[in-house]
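# Summary of structural features
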Amino acid sequence: TRSEAGLSNRRTSEGEISVRAKRLLTSLLRMFVGFLLIVNAMPPTAQAASPSIEIVTTSVKNPCGIAMDSGGRLVIADTYNHGIKRMDADGKDTEQLGSGFITPIGVAVASDGGILVADSGSHQVKRMDADGANITTLSTDLVSPAGIALDASGRIYVTDSGLNAVFRMESD
């Protein structure tokens, strides 16, 4: 009959529906990813979460670790810029310290002003002088060093998110 013929012309197999659904989902996913790329390409607008929180700087890219030296200056692991920055507590007088870091995550400042860096990308803990010179490697046995701290006697503590462990080492 005519109605059966009309229906048979409009019918599609499950395979065709599946292909169409996959194409539609792929198209939607591409549009979404394109939207995310556009949004991520736009410069972020930092806004304080509340009136009691003040933005100090936005000159960093994915900052992870932060410490304060004895002079009251901030030492920041500027992770996506692959470096360490030091600045005053108001975010001014910024200086780049050291070089050769891959993914610095954690920073700590020793009593002598030396700066310790947990460089997750190189799987190392490094130390440099307060001026960013004389970078030495203290440990290469880690997977993903992240947090770093010193105790009163100068021993270094490092968290390793790849090994799910906390390590202690001597500073010399």
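Described in the following lines is the structure provided in the data block.

Definitions and limits used
Residues numbered from 1 in each chain as written. Predicted model: local features only at pLDDT ≥ 70, side-chain atom pairs only at ≥ 80, totals over all residues. Heavy atoms only, no water. Pairing = 2+ DSSP bridges. Helix = DSSP H or I, 4+ residues; strand = E, 2+ residues; numbered from the N terminus. Axes fitted to C-alpha atoms, helices over the stretch in contact; angles between N-to-C directions. Polar contact = N/O pair within 3.5 Å; in protein donor to acceptor, adjacent residues only side chain to side chain. Buried < 20%, exposed > 50% of the residue type's maximum accessible area, 1.4 Å probe, protein only.

Bringing the sheet that holds strand S5 (residues 104-109) into the picture now. Strand order in the open sheet formed by four strands is S5-S6-S7-S8, and the pairing between neighbours is antiparallel. Of all strands in the sheet, those bounded by a partner on one side alone are S5 and strand S8 (136-139). Between one strand axis and the next, the sheet turns through 30 degrees on average, direction left out of account. In the sheet, strand S7 (residues 124-128) pairs with S8 via three bridges, with the strands oriented antiparallel. Of the residues in S8, the one forming a bridge with lysine 126 is threonine 137.

Now for the side chain of lysine 126. Note that lysine 126 resides in strand S7. Separated by 3.4 Å, the side chain of lysine 126 and the backbone oxygen of glycine 100 make a polar contact.

Turning next to the environment of serine 59. Looking at the secondary structure, you find serine 59 in the loop between helix H2 (14-41) and strand S1 (63-68). For serine 59, a relative accessible area of 35% gives the class partly exposed. Each C-alpha atom, one on serine 59 and one on glycine 91, is 8.7 Å from the other, the two residues being 32 residues apart in sequence.

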